[in-house]
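Observations on the model geometry
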Amino acid sequence: MIAREIKPGIQLIASVHWERRLFDSLIPLPEGTSYNAYLVKGSEATAIIDATDPELSNDLMSQLEGVEKIDYIVSNHTEQDHSGVIPELIEKYPEAQILCSAKAQEMLSTHIGLPEERFRVVKDGETVSLGDKTLRFVYTPWVHWPETMSTFVPESKILFSCDFFGSHLATSDTFVTDKAETFRAAKRYYAEIMMPFRAAIINNIKKLEPLDFDMIAPSHGPVHQDPGFILEAYRKWISPQVANEVCLPYITMHGSTKLMVDHLVDALVKRGVKVHVFDLNVTDIGDLAMSLVDAATLIAAAPTVHVNAHPKLVYAAYVANMIRPKVKYAAIIGSYGWATKQVEQIAGLIPNIKAEVLGSIMQKGLPTAETFAQLDALADAVAKAHAEDPDVV
Ligand code: FEO
C-alpha cells in the first residue's frame with residue numbers, strides 16, 4: 001500500500017493482510033485484516049502512532065522511505081500486531097522515544113524486549129507538542145488489554161483509538177465507504193475482542209465523548225469520517241438492551257438432537273421469537289459470537305458422548321463464557337444413549353454468563369410426543385420471558 005493523507009500533515013500507513021484467515025490462532029478472519037499506523041507531522045516534530053504486525057514489516061518500512069526523522073513512536077497498545085515492528089523502528093530512528101503508558105512500558109519490555117532507555121512514560125491526560133500539533137494521551141484501559149490508551153490530536157480533531165472501534169477488514173479504502181460492510185466487520189470485532197470488557201468500554205466511551213473529534217482512526221480497518229456511526233453502534237452493543245432473539249448452537253450425531261432443534265425452532269418462530277441456528281460442525285465461531293451480541297437467550301443443543309458433554313459444545317460453551325455475552329436467559333437440550341452428565345458439565349463451564357436458566361431437556365434416544373411437549377413449554381417460557389422483560393426490544 002501507499003501512505004495516504006487523511007488530514008493535513010497526517011498519513012495513514014496501512015499494511016493490508018488480505019490473506020490472513022486466523023488471528024491469535026483462534027479468531028477467524030473471513031475478510032482478512034489490516035494494521036494501521038499513522039504518521040503525524042508537526043511543525044517541529046514527527047510522531048508515528050502504532051506500527052504493524054511483524055509479518056508485514058516491509059509494508060510499513062517501505063512506506064516510511066523518505067521519512068528522515070521520527071521523534072516519537074506512540075504505542076497505544078502493546079499487542080504484537082501493532083508493536084512487533086517497533087524494534088525495527090527504533091533501529092531506523094535512533095533518536096525516537098517510545099511514548100506509552102507505564103503498563104505498556106512493562107509489557108513492551110517483557111513481550112518485545114525493548115530497551116528501557118528508549119521509553120518515555122506518559123500519564124493519562126499528558127500532552128506532547130509536535131509544534132503546531134499536540135499529542136494528548138487518554139488512558140482507555142481494557143480495550144482490550146490493561147495498558148491500552150488512545151491519542152487525541154485536538155488541532156486536527158482526530159482520535160487514534162488503536163483496536164477500539166476497529167474492524168478486521170482487508171480493504172484498499174482509506175475511509176469507511178460501505179457502512180453495512182464496516183458495521184458487520186466492526187460488530188464481529190466487538191463480539192470477538194471487545195465484548196468481555198463491556199464495563200470498561202462503557203467508562204471509556206464516557207471519557208472520550210467530551211473530546212472534540214470529527215474522525216476516529218483505528219488500528220484495524222478503514223478510518224471513520226463519521227465517528228457518530230461507530231459510536232452509535234458501540235452504544236447499542238454495550239447497552240443493557242437485548243433482542244427478541246435466540247442463539248441456538250447445536251451438534252447432532254444420529255439425528256435425535258436435530259429433531260429436537262427443528263421442533264424448538266418452529267415452536268419459537270410460532271411465538272414470534274427470531275432464532276439464529278449454528279451447526280457447530282461448520283460454524284465460524286465469529287458468527288456465533290456476533291449473534292451473542294444481541295440475543296436475549298442462548299439455547300445449547302447437543303447429544304451426549306458416552307456420558308459426557310459433546311466436545312464441540314464444550315468448546316462453544318468455553319468460548320461463549322470467555323466473551324461474556326449479555327444474554328439474559330439460557331437452556332440446554334439434547335439426547336443421550338444410556339446416561340448423561342451434559343447439563344451439569346456445560347453449566348459448570350459458563351460461570352460468566354449470568355443468565356436465568358429456563359430449563360434443560362435431555363432425551364434418552366429419539367424424542368417422543370412428551371419431549372416435543374417439553375420443547376413447546378420451553379418455547380412458551382422463552383417467549384414469556386422476552387415479552388415481560390423491558391430490556392428485550
Ligand atoms: Fe490489534 Fe489487540 O491487537
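Residues numbered from 1 in each chain as written. Predicted model: local features only at pLDDT ≥ 70, side-chain atom pairs only at ≥ 80, totals over all residues. Heavy atoms only, no water.

Helix length check: helix 5 (residues 179–194) (16 residues) gives 20 Å between terminal C-alpha atoms against 22 Å at 1.5 Å per residue, more than 12% under. If you check which residues of helix 5 are buried, you get Thr182, Ala185, Ala186, Lys187, Arg188, Tyr189, Tyr190, Ala191, Glu192, Ile193 and Met194. Buried positions along helix 5 lie against strand 4 (27–28), helix 6 (198–208), helix 7 (227–238), helix 9 (285–294) and helix 10 (311–323). Two or three places before Ala180, at the start of helix 5, stands the capping residue Asp178, its side-chain oxygen 3.2 Å from that residue's backbone nitrogen. (Helix = DSSP H or I, 4+ residues; strand = E, 2+ residues; numbered from the N terminus. Expected span 1.5 Å × (residues − 1). Buried < 20%, exposed > 50% of the residue type's maximum accessible area, 1.4 Å probe, protein only. Contact = heavy atoms within 4.5 Å. Polar contact = N/O pair within 3.5 Å; in protein donor to acceptor, adjacent residues only side chain to side chain.)

Interface size is commonly expressed as the accessible surface area that is lost when the partners come together. With domains assigned, the chain is organised as domain 1 (4–238) and domain 2 (246–382). Distance between the C-alpha centres of domain 1 and domain 2: 38 Å. If you look at the interface, domain 1 gives 15 residues, while domain 2 gives 15 residues. Among the residues of domain 1 in contact with domain 2, Lys187, Arg188 and Met195 are the three that bury the most area, contributing 39% of the side total. The tally of links between domain 1 and domain 2 comes to four salt bridges. Between Asp294 and Lys187 there is a salt bridge; the shortest N-O distance is 2.4 Å. Across the contact surface, domain 1 and domain 2 share five residue pairs in polar contact (both at pLDDT 80 or more). (Domains from an automatic or database assignment. Buried area = accessible area lost by both parts, 1.4 Å probe. Salt bridge = Lys/Arg side-chain N within 4 Å of Asp/Glu carboxyl O.)

Of all hydrophobic cores here, the largest spans 60 residues; its most connected members are Phe164, Phe165, Tyr190, Met194, Ile201, Tyr234 and Leu292. Counting residues per element, the ones that place at least two in this core are helix 5, helix 6, helix 7, helix 9, strand 17 (295–305), helix 10 and strand 19 (329–336). Among the elements that make up this core, the one with the highest residue count is helix 7 (seven residues). Here this core spans two domains, since at least three of its residues come from each of domain 1 (4–238) and domain 2 (246–382). In this structure, Ala14, Ile49, Leu130 and Val223 belong to the second largest nonpolar core, which totals 25 residues. (Core = buried A, V, L, I, M, F, W, Y, C linked by side-chain atoms within 4.5 Å.)

So, on to the sheet that holds strand 10 (residues 127–129). The mixed open sheet is built from five strands, whose spatial order is 10-11-12-13-14. The open sheet has two edge strands, strand 10 and strand 14 (215–218), and neither has a second partner. For this sheet, the mean angle separating the axes of adjacent strands, direction not counted, is 25 degrees. Sheet topology places strand 10 next to strand 11 (residues 134–139); three bridges connect them, and they run antiparallel. Looking at the pairing, Val128 lines up with Leu135 of strand 11. (Pairing = 2+ DSSP bridges. Axes fitted to C-alpha atoms, helices over the stretch in contact; angles between N-to-C directions.)

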